Amino acid sequence: MKTQETTSRPDNTAFTQQRLPAWQPVLSAGIVIPGFLFIGLAFIGIGIGLFITSQSIQVLERDYTGTGSSSACSNCVSSNISCFCQLNFSLSALFPGPVFFYYGLSNYYQNVRKYGVSRDDEQLWGDVSKSPCSTCGPYQYSQNMTIAPCGAIANSMFNDSFTLYQLVNMTKKTVPLDGKGIAWWTDYSIKFRNPTEVYGSLAAAFNGTVKPVNWAKPVYDLDPSNPANNGFLNQDFLVWMRTAALPDFWKLYRRINAGDYVSGLPAGNYTLEIQYNYPVADFGRKSVIFTNVAWMGARNSFLGIAYLVMGFLCVVMSMVMLIVYAKFNTPGEDS
Amino acid sequence: MFFVYELIVRTLQQPFPASPAEACSPLHPSHKRAQNHRCVREQEHRCFKQLPSSTSSTMSAGDPTSADTIDLSWEVRANNRCFHQQQHRRSFLCFTWGKYADNAVRSYKYSPLTFLPLTLYEQFQRVANIYFLFMVTLQCVPAISTLPWYTTMLPLLTVLSVRGLRDLVDDLARRRSDLQINQRQCDILTTQGFTSVQWRDVCVGDILRLSKDQIIPADMVLLCTSEPHSLCYVETSDIDGETNLKFRQALEVTHQELSSEPIEPTLLAFDGCVRCQQPNSHLHSFKGMLDWRGEHHLLDTKHILLRGTVLRNTDVAYGLTIYTGADCKILQNCGQLTVKTTRVERILNRVVFGIVLLLLMVSLLLAVGAGIFEAQVAPRSEVLASVGAGKTPAYRAFLTFWGYVILLSPAMPMSLYISFEVVHVIHSLLIGWDLDLYDPGSDTPAQARSTALNEELGQVGYLLSDKTGTLTENRLLFRQCCIAGVLYGLSQSHTHILRLPLALHWNPFSCGGLQFSDQHLVDRLHDPGCSEVREFFTALALCHTVMAEWKDGAPVYQAASPDEEALVGMARELGWVFISRTRDSMTLSELGHVHNYQLLALLDFTSERRRMSVVVRDSHGRLKLYCKGADIVILERLRPDCPHRESTERSLELYAQGCLRTLCVAVRPVPEELWEEWSHTLVKAAIMAQCSSMLDTLYDTMERELTLLGVTAIEDRLQDGVPDTIATLRQAGIKVWVLTGDKRETAVNIGYACRLLDPDTRLLQGEELRQLLESPDPEAILNNSKRKDKGEEHSISTLVITGPELAELEEQPGWDEHFMALSKLCQSVLCCRMTPGQKAGVVQLVRKHTSAVTMAIGDGANDVNMIKTAHIGVGLSGVEGSQAVQNADFSLSKFHFLRKLLLVHGRWSYRRISAFLLYFLYKTSAFALVHVWFAFYNGFSAQPMYENWFITLYTVMYTAIPVQCLAIFEQVLNHVSLFSGVQDVSAEGSMRWPELYQVGLKQQLFNWCQLVLTLLYSVYTSMVLFFLPFGVVYLSTFDFQAFAVTVATAAVFSTMTEVREEESRKVNQ
């Protein structure tokens, strides 16, 4: 025991002697060529699946900026006040449901940093009495009162509204649009919260605040038809507040999944009545999109093509390697 | 504040002490504060008064002028504490005033007040830290802070505090060791006699009593000792690494006047005044003067006891303290250790600089983009115009520039530096833990004393090795001798026949251990007619500086060099026993008859002189000079008609072929009148200022007209495994140079023995070498001559150069380039007869003219210089003390451990660290560059692609462990070779295929090409990371957060997978 204490002999352990178990794959031709081939084939399979699925998804997009020859709503471009216009389209066959109704904006930089931070998360969590944080500027105060919701994102909320009619026997039949549950669950349940109602009145809870400058109605009055869909928990507001990743984006407006339209939009003529409020003509375009979804989500051919390209590359590489291997193989190397 | 004021006042008052004149006596330490002001004005001017009135001088040379040429402004008065305490050195912050330091050592750097500013100052000397501080500052500006402040602040604070704490702990350890030293006890003379006080209370002018084996607490003038003639012996191993004892002697006058009994009152009454040089770092020179009783006595090195030396073989010594504490010569010598950095680290630093520049440039371009966006796009959109807050596009672009600087800064993260250091430390630990580098005999594991040089071990291009003690064991065995032309001791090839040890029972002093058996010589010794043999042994027993200590009835010799010990020991075994020495006499027992020799002069050994001599008067009154030294210097000093010259030269050649170290022994009968004249000049020369060169010429005049007695041959055995190791290292592509103090033949023979030279190697030396060096194109000549000589091209040559030749060469301009060019054509270079300074010079030469990493290995104090100069210094913990190890970056106990250190640890370290750095840069740049691509889609607004916490934690958490594992555990198990398929290249394999080491030599794993490729690859990765999700997200409902998380996840996964790829890629290089 004593000799062990006095000696400075190093420990004989796997770690100190660097003898920890180790494994190293040997990338020999026998592994690499079949590996590449397998990966390539798998990718091609996935790519074909994705591509076909994507192609089967129908998309109907109509621009209604109002500028340009084919665009609807040209009557509303120069009008400063709220203006109505109509967009007609016809379907030759059933548009299978459930149909999702989006609005799309292009060249709209929701991801500019100053814009993206121009919000007050604490206020949106229900604390309207605090003074809004400085990032909200220049939409912090109006008439010496706190703006609720403050900031540039809220202020620029998309405020066109749409009504869809099917023309059945020359009469307009309203297509029911479902606006429930179009926002993220986390936004609705966790990130956003209305201030506590005062005597059952949401409007009173927002006492001491003013509406954003560009808004027509205060936040507690966004959806007159459904009192539960007001305040910071308004679905359209939630959708808008979740900023887009890129300058060209779609945002979900409504779902068509009720009444006669559960299975989709039947063939026929449709009229979309647009309340044109939102000016984009100076910098970009806006459109409406009807689409259905598959297991992979909305239509996107990019992913399928990417898989196909990678898969083909892998297969070609494995072929090239096979040829090289067959031609230049040295006897010692085939382990 | 009052304290400061008081100090200033006191300082101002110094020249004219206003204190009352009272009798000032040597103080009891406990009274010193109270008696601070009791000083005598008469005594103040004691020294000055005596100066002009100096009429008589004790020195025969009588030249106070020579002393006046040196600045003797340092004044020490014996037993006069108050004088010195008034000029006591004090300091406040960085201001220091006063003259005399106290004897406390203060090696610590920090005080509670100065710790924070000093440690911050030190840490911000690193460019990286300043860079990160700059980033933190940027991040704290709200207008541009694209990342929250904590992303850089937290790591920076961690690094600063960890380093600060480490420094603090080191400093506390230093304080503790200081305290330990300062609290050592010593005896100081006070009015109550000798009192024990702590070292730190010793003051200039104090008289100390030193006892046997005590460490001397301050630099002192020796006053007297208990030995005859006030002689004393000191061991200076702590100062210069020499283990032999050196004698010091008090002045004759102090010896006579002070060593009467009882000694205390005499010493107390001693009121001499020493004037000497200001404190300096020259350990081996001292000039001073003792003024006492109106007389001047010159003082030099032999009167001085240095702090840190140990008193030996002397019961009691008394000394006067002249330099204390920081003024001591040894402390003046404590230089700062230069911090060595590795080439990889230097490249890394430049890379970091390059990356930062690149980021600035990219930021600038993006800022231009931002300016254009702000001017062209933003005004058209009310939303964007409003968040622009009315600033001009140029201003917004300016802000964006800094925003991107911050955003892209994680490409060069703090954690790179932290991880790099951690990896270094673990690699060093692994070296210390290796059982294969552990020597059970001496119970010493290898030690990486410097933790920052590991990867350099994998890139060593030049190994410059000492010979003695490094390649050889430095356990010297007397093998053969040649006396008067007759060879004794069988040559090694025959030893196995006559292995019978000599019967030495007739010799009571024999201790055994002699590896020499030639009865013939013993018979000759006992034959009174063989005067030459007897004279030879007398010379061996007299001409040395060995000290004899008697233990259990047998003499134990303490010698400066192992050669001397071997020779004196051999003489003892054969009956010529060196019994004892005093300052001026030596006693021998020659076959039982005790003889006394009067030692008149000892002409010391120096590396320039390469010989030593003694002048003795034997019991018959005859004067003789015995001289022992290197063959070349002795042979040229022989008298012209000296007998046995040819036969001796032949034997020298023979010994050299047998790898034996030879020394020539010669004698000269000295005529009385010559001695009279010479000794007179010697005394004169000894007191001159520049005496060393004069002494050399003076010694030279005495060591002439010698008669050759014989030659001794000592074997210096090769260490275990040296030939194999050198052969392996050569195979690995490392150039091995041997730098030795030995002579050419020995070096060449050792070179053959340890397989540094192949049997058919051509030696380039002497005149041929000179011609080659002087020719404009040595390569052509070399190739030509090669063809002429052997008719084949691949014959190899080796440069052999000696110290004197090198010194001669150094005077020619441009010689060094020629020399290095020539050496590159050669297999190896042997440098013989090198001084320590020249060894370092050669290392410097290699460093200057090649970009290769140099490694110096040595074991003795003479290798310290070389070890410090080389990129990597390796010290062998061998026989010659620990000086080399103390100054080395790595310490080993055997030379052959070098093989594993370089081929396994070095190779692995280099591979691991290269892979680690490249991968680290790859993963951080790939991660950060995504922002550049995103900039094109967010209006160049410096929008981060990731969540803030993800950016903070990416390098320190999400991707930290794999890269650390790569850097610590990575081993290449298999090596795919073109010729033999898959091979095992584990630790054993690395040593079996030393060619693999060339990867490091050629810097194949970490160079600019690799770096650029890595960066390009990271650019590619970042594009894939961004554009694949971009294609999916484009024109869809995916929001920014989903996009960010997708890209972030992809970044983590792809960089993780890349760890695996990184390793596979390395394998096939």
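Parameters and conventions
Residues numbered from 1 in each chain as written. Chains lettered and ligands numbered in written order. Predicted model: local features only at pLDDT ≥ 70, side-chain atom pairs only at ≥ 80, totals over all residues. Heavy atoms only, no water. Helix = DSSP H or I, 4+ residues; strand = E, 2+ residues; numbered from the N terminus. Rg over C-alpha atoms; globule rule 2.2 N^0.38 Å. Buried < 20%, exposed > 50% of the residue type's maximum accessible area, 1.4 Å probe, protein only. Disulfide = S-S within 2.5 Å. Domains from an automatic or database assignment. Phe/Tyr/Trp six-rings, centres within 6.5 Å; stacked < 30°, edge-to-face > 60°. Lys NZ or Arg CZ within 6 Å of the ring centre and 35° of its normal. 1 Å grid on protein atoms, 1.4 Å probe; cavity = no way out; pocket = protein on both sides within 12 Å on 5 of 7 lines; lining within 4 Å. Points joined across faces, edges and corners; volume = space filled by probe spheres on them. Nonpolar A, V, L, I, M, F, W, Y, C, P; charged D, E, K, R; others polar. Contact = heavy atoms within 4.5 Å. Buried area = accessible area lost by both parts, 1.4 Å probe. Salt bridge = Lys/Arg side-chain N within 4 Å of Asp/Glu carboxyl O. Pairing = 2+ DSSP bridges. Patch = residues over 30% accessible without salt bridge, like charges linked within 9 Å, V, L, I, M, F, W, Y side chains within 5 Å. Areas by Shrake-Rupley, 256 points an atom, 1.4 Å probe, with all protein chains shown as cover. Core = buried A, V, L, I, M, F, W, Y, C linked by side-chain atoms within 4.5 Å. Axes fitted to C-alpha atoms, helices over the stretch in contact; angles between N-to-C directions. Expected span 1.5 Å × (residues − 1). pLDDT = per-residue confidence, 0-100. Parallel < 35°, antiparallel > 145°, perpendicular 65-115°, else oblique. Left-handed = near helix turned anticlockwise from the far one by under 90°.

Draft legend 1. Representation of the overall build of chain A in the model. Helices and strands together make up the secondary structure of chain A, namely 9 helices and 13 strands. By the compact-globule yardstick of 20 Å for 335 residues, chain A is too spread out, its C-alpha radius of gyration being 30 Å. Along the longest, intermediate and shortest principal axes, the C-alpha atoms of chain A span 85 × 70 × 40 Å. Residues counted as buried form 43% of the 335 residues belonging to chain A.

Draft legend 2. Quick look at the state of the cysteines. All names here are of chain A. Applying the stated criterion across every chain yields a total of 3 disulfides over all chains. Each sulfur in the disulfide pair C76 and C83 lies 1.6 Å from the other. Because the torsion about its S-S bond is -65°, the bridge between C76 and C83 counts as left-handed. Relative accessible area serves as the criterion here: at 1%, C76 is assigned to the buried category. Given a relative accessible area of 11%, C83 falls into the buried group.

Draft legend 3. Expanded view of the domain arrangement of chain A. Each domain of chain A was delimited in the assignment, giving domain 1 (34–57 + 301–328) and domain 2 (59–292). One C-alpha centre belongs to domain 1 of chain A, the other to domain 2 of chain A; they are set 42 Å apart.

Draft legend 4. Quick look at the packing of aromatic side chains. Residue and element names in this part refer to chain A. A full pass over the atoms with the stated rule returns 72 aromatic pairs over all chains. Ring centres 6.1 Å apart and planes at 85° place the aromatic pair Y64 and Y276 in the edge-to-face group. Of this pair, Y64 sits in the loop between β1 (59–63) and β2 (83–91) while Y276 sits in strand β12 (residues 268–276), and the two are 212 residues apart along the sequence. Accessibility classification places Y64 together with Y276 in one group, the buried group. The aromatic ring of Y165 is capped on one face by K172, whose charged end is 5.0 Å from the ring centroid.

Draft legend 5. Highlighting empty space enclosed by the protein. For the coordinates displayed, the defined rule picks out 10 cavities of 30 Å³ or more. If you trace the largest cavity, you find 20 residues lining it, with T151, T152, P410, P413 and M414 of chain B closest to the centre. Contributing elements (two or more residues each) for the lining of the largest cavity: α7 (127–139), α8 (150–182), α16 (414–433) and α34 (948–958) of chain B. A per-element tally of the lining of the largest cavity places α34 of chain B first, with 5 residues. Split by residue class, the lining of the largest cavity holds 13 nonpolar, 7 polar and no charged. The volume enclosed by the second largest cavity comes to roughly 120 Å³. Contributions of two or more residues to the lining of the second largest cavity are made by α3 (113–116) of chain A together with α13 (343–376) and α15 (393–408) of chain B.

Draft legend 6. Here's a closer look at the interface of chain A and chain B. Across the contact, 51 residues belong to chain A and 60 residues belong to chain B. Of the roughly 4800 Å² buried between chain A and chain B on both sides combined, carbon and sulfur atoms contribute 60%. The tally of links between chain A and chain B comes to 1 salt bridge. Here D1039 of chain B ties to R242 of chain A by a salt bridge, and the two come within 2.6 Å at their closest N and O atoms.

Draft legend 7. View of the pairing of strand β8 (residues 231–235) of chain B. Residue and element names in this part refer to chain B. Where burial is concerned, most of β8 is hidden: 5 out of the 5 residues are buried. Here β8 shows a buried face lined by L231, Y233 and E235 and a second buried face lined by C232 and V234. Of the pairings in the sheet, the one linking β8 to strand β14 (residues 310–312) comprises 3 bridges and is antiparallel in character. Bridging from a neighbouring strand, V234 pairs with L311 of β14.

Draft legend 8. View of a nonpolar patch on the surface. Together, F302 of chain A together with Y1017, Y1020, V1024 and L1028 of chain B make up an exposed nonpolar region whose accessible area comes to about 430 Å². Take the nonpolar patch: its biggest share by element is 4 residues, from helix α38 (residues 1008–1033) of chain B. As for its placement among the helices and strands, V1024 of chain B is situated in helix α38.

Draft legend 9. Broad picture of the side chain of Q17 of chain A. Mapped onto the elements, Q17 of chain A comes out in the loop between α1 (2–6) and α2 (29–56). Dropping the residues within four chain positions of it, Q17 of chain A is found in contact with D11 and N12 of chain A together with W433, D434 and L435 of chain B.

Draft legend 10. Spatial organisation of the nonpolar core. Counting residues in hydrophobic clusters, the biggest one holds 160 residues, and the most contacted among them are L265 and F290 of chain A. Among the elements that line this core, the one with the most residues is helix α33 (residues 897–935) of chain B, at 19 residues. If we ignore the near neighbours within four places in the chain, the residues touching F290 of chain A are Q58, V59, L60, F89, F95, V99, F100, F101, L164, I256, L265 and L272 of chain A. The next biggest cluster of nonpolar side chains, apart from the first, holds 48 residues, and it includes V546, W576, V616 and V665 of chain B.

Draft legend 11. The sheet that holds β1 of chain A, seen in detail. All names here are of chain A. The strand order β1-β13-β4-β10 describes an open sheet built from 4 strands, whose pairing is antiparallel. Edge strands, defined here as strands with exactly one partner in the open sheet, are β1 and β10 (249–256). Each strand axis lies, on average, 20° off the axis of its neighbour in the sheet, ignoring direction.

Draft legend 12. Representation of the sheet that holds strand β4 (residues 185–190) of chain B within the structure. Residue and element names in this part refer to chain B. One open sheet holds the 6 strands; their spatial order is β5-β4-β6-β15-β7-β13, and the pairing between them is antiparallel. Both edges of this open sheet fall to β5 (193–198) and β13 (304–305), since each of them pairs with a single strand only. Note that strand β7 (residues 219–225) and β13 share 2 bridges and pair antiparallel. Looking at the pairing, V221 lines up with I304 of β13.

Draft legend 13. Just helix α19 (residues 562–573) of chain B, in detail. All names here are of chain B. The end-to-end C-alpha distance of α19 is 16 Å, a good match for the 16 Å that 12 residues give at a rise of 1.5 Å each. Among the 12 residues of α19, 10 are classified as buried, and the element is accordingly described as predominantly covered. Residues of α19 that are buried: D563, E564, A566, L567, V568, G569, M570, A571, R572 and E573. At the exit of α19 stands G575, carrying a positive phi of roughly 105°.

Draft legend 14. Seen up close, the confidence of the model for chain B. Residue and element names in this part refer to chain B. Residues of chain B with pLDDT of at least 70 account for 84%, and the chain-wide mean is 79. Every residue in residues 1–68 scores below 50 in pLDDT, and together they form 92 contacts with partners more than four places removed in sequence or on other chains. Within the model, pLDDT remains below 50 along residues 976–984, and this stretch shows 18 contacts once partners closer than five positions in the same chain are excluded.

Draft legend 15. Molecular detail of the environment of I274 of chain A. Residue and element names in this part refer to chain A. Tracing the backbone through its elements, the reader meets I274 in strand β12. A sequence separation of 12 residues divides I274 from V262, and the C-alpha atoms of the two residues are 23 Å apart. The contact partners of I274, leaving out residues within four places of it in the chain, are Y64, C73, C83, F84, C85, L87, S161 and F162.

Draft legend 16. The arrangement of the packing of α2 of chain A against helix α9 (residues 301–328) of chain A in detail. Residues and elements named next belong to chain A. Across the interface, α2 lies against α9 with an axial gap of 7 Å and an inter-helix angle of 155°. Here α2 is positioned roughly antiparallel relative to α9, judged by the angle of their axes. Crossing of α2 against α9: the hand is left-handed. Along the lines of polarity and charge, the residues of the contact of α2 with α9 split into 26 nonpolar, 8 polar and no charged.

Draft legend 17. Structural context of the pattern of salt bridges. With the rule as written, the count across this model stands at 36 salt bridges over all chains. Note that D187 of chain A and R242 of chain A form a salt bridge whose closest N and O atoms lie 2.8 Å from each other. Here D187 of chain A is found in helix α6 (residues 185–191), whereas its partner R242 of chain A is found in the loop between α8 (235–241) and β10, with 55 residues between them in sequence. An identical accessibility class is assigned to D187 of chain A and R242 of chain A; each is buried. Across the pair D758 of chain B and R730 of chain B runs a salt bridge, and its minimum N-O distance is 3.4 Å. In this pair, D758 of chain B is assigned in the loop between α25 (744–753) and β30 (762–764) and R730 of chain B in helix α24 (residues 722–731), connecting sequence segments 28 residues apart. For D758 of chain B, a relative accessible area of 23% gives the class partly exposed. For R730 of chain B, a relative accessible area of 24% corresponds to the partly exposed category.

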